Amino acid sequence: MRVKRGVFAKPDDLANVMIDIEKIIPGGILCMYSAWSYYGLTTQIPQQYDIAVKRGRKVTLPQYPSFSVHNLTDSVLNIGVSSAIISGYKVKIFDLEKSVCDAVKFRNKIGLDVCTEIVKNYLKRRDRNLSKLMNYAKILRVSRILEMYIAMGT
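Parameters at a glance
- Positions within a chain are numbered from 1, following the residues in the order the chain's sequence is written.
- Only residues with pLDDT of at least 70 are given local features in this predicted model, and only at 80 or more are side-chain atom pairs given and counted; all residues enter the totals for whole chains, interfaces and linings.
- Side-chain numbers here rest on the full set of heavy atoms in the structure, without hydrogens or water.
- Each helix corresponds to a stretch of at least 4 residues labelled H or I by DSSP, and each strand to a stretch of at least 2 residues labelled E; elements are numbered beginning at the N terminus.
- Throughout, exposure labels follow a simple rule: accessible area from a 1.4 Å probe, protein chains only, divided by the maximum for the residue type, with under 20% read as buried, over 50% as exposed, and the rest as partly exposed.
- The rule for pairing is simple: two strands pair if DSSP sees at least two bridges between them.

A.B. asks: I tried to follow unusual backbone geometry on my own but got confused; where do I start?
C.D. replies: Backbone phi values are negative for most residues with the exception of glycine, while trans is the configuration of most peptide bonds. Notably, M32 is not glycine yet its phi reads approximately 45°, a positive angle. With respect to the helices and strands, the residue M32 is situated in helix α3 (residues 32-39). Take M32: its relative accessible area is 7%, and that puts it in the buried class. Phi is positive for S87, which is not a glycine, with a value near 55°. You can see S87 is positioned in the loop between β6 (81-86) and β7 (89-94). Accessibility expressed as a relative area gives 34% for S87, which makes it partly exposed.

Below, the structure is given as structure tokens:
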């Protein structure tokens, strides 16, 4: 099956949990619902792949699967990028703390209940790094709001 020009996949591969994002959107970073779901921070099931790209970049999207592209500035795009092996594909993904900061930053878009759920689930984790989280929060200018969520969650 043709995914986009020069990229083909077997229908069985498309039914997989993850696809080779690097081939479809080179340099794209898994974010938002896709990252929250990967880290187990939310019970929401992503309806599409959320991908972050550099602001102003033109991206050609395939008809299937569904993608949601988030255009970010260089300074925000380069914070907290890591990689993970998901369903056998090496995928760029924002790390746990950056993903939590994104939930706080976009709380009005995603809903306050989803944001609260993500912060509470993060605080329950043993592998949390609060100093890293607060450092990211200061850079992304959400530290005051995040502190209120943390105070409510404890």
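A.B. asks: Can you walk me through the pairing of strand β4 (residues 49-54) in this structure?
C.D. replies: The two faces of a sheet get side chains in turn, since along a regular strand they alternate between them. Counting buried positions along β4 gives five out of six residues, so the element sits mostly inside the fold. The pairing of strand β3 (residues 29-30) with β4 spans two bridges and is antiparallel. Bridge pairing links L30 to I51 in β4. Of the pairings in the sheet, the one linking β4 to strand β5 (residues 67-72) comprises six bridges and is parallel in character. Its bridge partner lying in β5, D50 is registered against S68.

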